[in-house]
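Inside the fold
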Amino acid sequence: MNPEQFKASLAEKGILLTDWQMEQFETYFRTLVEWNEKMNLTAITDKEEVFLKHFYDSVSAAFHFNFDRQLNLCDVGAGAGFPSIPLKIAFPKLQITIVDSLNKRITFLEHLAKELKLENVTFIHDRAETFGQNKQHREQYEVVMARAVARLSVLSELCLPLAKVGGQFVAMKGGQAEEELQKGKKALHVLGGKLRGVHSFKLPVEDSDRTVLVIDKEKKTPKQYPRKPGTPNKSPIE
Ligand SMILES: C[S@@+](CC[C@H](N)C(=O)[O-])C[C@H]1O[C@@H](n2cnc3c(N)ncnc32)[C@H](O)[C@@H]1O
């Protein structure tokens, strides 16, 4: 998907990008590839692939959830900025906080945000397990998102404690979502979440499966969650 096809495909979905937003995506691509030579940010460096598998894929969450508002959003384990930076470019009103456990990725994101002239973006080097127990962040976000960080049972423990009661957890998944949902049901319930929507679709060009899961934060998360770093992964709530 080249940049023109990217712009046209999003326009078909009602997401209209200005010349400045397209310039921001071009700058994102250039900066990503340039920094990727010094540090490991992504295995995908071909321009058309980056526009499809990183930029379009990230923005596709907006086909199923309204990001065009002043939401306070936390992206857990965003790595090189996915999905929240493409969403921030497409929907500039968003207020983004990224938490990632790898400091070099945070350094990249700080540089990138300056290059893209982004406002209302905060980058924090921490593990989600510790971050979720930090009073300044726990149950403070209207939306918590993640893409390619962990399976749902584990991811729920990293994300749901950060969502406000009445807010949402949006998990971006591939074709394995149904299986993850079966195993993740208990964790959602224990952590105060309730499944609201399962939206499956195909990524264009390569036709691979994608699922956006929307989970409501119905009740407060019990204090003992998230457990200490590494525990959610070692003994998931299943
Ligand atoms: C496979 S990468 C995915 C990055 C990005 N979300 C994407 O879709 O391209 C996973 C990222 O999650 C971060 N991560 C993994 N476990 C984490 C945790 N417990 N707390 C915070 N970040 C974590 C890693 O440092 C890495 O940057």
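Residues numbered from 1 in each chain as written. Predicted model: local features only at pLDDT ≥ 70, side-chain atom pairs only at ≥ 80, totals over all residues. Heavy atoms only, no water.

- Looking up the chain in an unreviewed UniProt entry gives the name Ribosomal RNA small subunit methyltransferase G, with the organism given as Mesobacillus campisalis.
- Here is the UniProt Sequence similarities (unreviewed entry) comment for the chain, exactly as written: "Belongs to the methyltransferase superfamily. RNA methyltransferase RsmG family."
- Database annotation for the chain, UniProt heading Subcellular location (unreviewed entry): "Cytoplasm". (UniProt positions renumbered as here; feature names shortened; annotations may be inferred.)

**With respect to the UniProt feature "binding site: S-adenosyl-L-methionine" (unreviewed entry) in the chain**
- Mapped onto the present numbering, the UniProt feature "binding site: S-adenosyl-L-methionine" (unreviewed entry) falls at Gly77, Phe82, Ala128, Glu129 and Arg147. Lining the largest pocket, from the set of annotated residues above, are Gly77, Ala128 and Glu129.
- In this structure, Phe82 sits in the loop between strand S1 (72-76) and helix H4 (84-90).
- Look at Phe82 and you get buried, because its relative accessible area is 4%.
- Setting aside its immediate chain neighbours within four residues, Phe82 contacts Tyr28, Leu32, His54, Phe55, Ser58, Asp75 and Arg147. (1 Å grid on protein atoms, 1.4 Å probe; cavity = no way out; pocket = protein on both sides within 12 Å on 5 of 7 lines; lining within 4 Å. Helix = DSSP H or I, 4+ residues; strand = E, 2+ residues; numbered from the N terminus. Buried < 20%, exposed > 50% of the residue type's maximum accessible area, 1.4 Å probe, protein only. Contact = heavy atoms within 4.5 Å.)

**Overview of the site of the ligand**
- Near the ligand lie 15 residues; those nearest to it are Gly77, Phe82, Asp100, Arg105 and Arg147.
- The backbone of Ser101 places a nitrogen or oxygen atom 3.2 Å from a nitrogen atom of the ligand.
- When the free accessible area of the ligand is taken as 590 Å², the share hidden by the protein chains comes to 78%.
- When atom positions are compared with the pocket grids, the ligand is found to occupy the largest pocket.
- Looking at the shell around the ligand, its residues break down into 6 nonpolar, 3 polar and 6 charged. (Near = heavy atom within 4 Å. Polar contact = N/O pair within 3.5 Å; in protein donor to acceptor, adjacent residues only side chain to side chain. Areas by Shrake-Rupley, 256 points an atom, 1.4 Å probe, with all protein chains shown as cover. Sits in = over half its atoms within 2 Å of the grid points. Nonpolar A, V, L, I, M, F, W, Y, C, P; charged D, E, K, R; others polar.)

**Regarding the packing of aromatic side chains**
- For the structure shown, the criterion picks out 13 aromatic pairs.
- Seen in terms of ring centroids, Phe51 and Phe55 are 4.9 Å apart; in terms of plane orientation they differ by 75°. Their pairing is edge-to-face. With Phe51 and Phe55 both in helix H3 (residues 47-59) and 4 residues apart, this pair spans about one turn of that helix. As far as the burial class goes, Phe51 and Phe55 line up, both buried.
- Among the aromatic residues, those joined into a ring-pair cluster are Phe6, Phe25, Tyr28, Phe51, Phe55 and Phe82.
- Above the plane of the ring of Phe63 lies Lys13, whose end atom (NZ or CZ) is 4.8 Å from the centre. (Phe/Tyr/Trp six-rings, centres within 6.5 Å; stacked < 30°, edge-to-face > 60°. Lys NZ or Arg CZ within 6 Å of the ring centre and 35° of its normal.)

**Topic: the layout of surface pockets**
- For the largest pocket, the calculated volume is near 270 Å³.
- Around the largest pocket, the lining is made up of 16 residues, and of these Ser101, Arg127, Glu129, Val149 and Leu158 lie nearest the centre.
- Only strand S2 (95-100), helix H6 (128-131), helix H7 (152-159) and helix H9 (231-234) provide two or more residues apiece to the lining of the largest pocket. (Points joined across faces, edges and corners; volume = space filled by probe spheres on them.)

**So, the pairing of S1**
- By the criterion of burial, S1 is predominantly enclosed, with 4 of the 5 residues buried.
- One ladder, built from 5 bridges, connects S1 with S2; its direction is parallel. Each bridged residue has a counterpart across the sheet, and for Leu73 the counterpart in S2 is Ile96.
- Each parallel crossover has a hand, and the one from S1 via H4 to S2 is right-handed. (Pairing = 2+ DSSP bridges. Right-handed = clockwise from strand over helix to strand, strands pointing away.)

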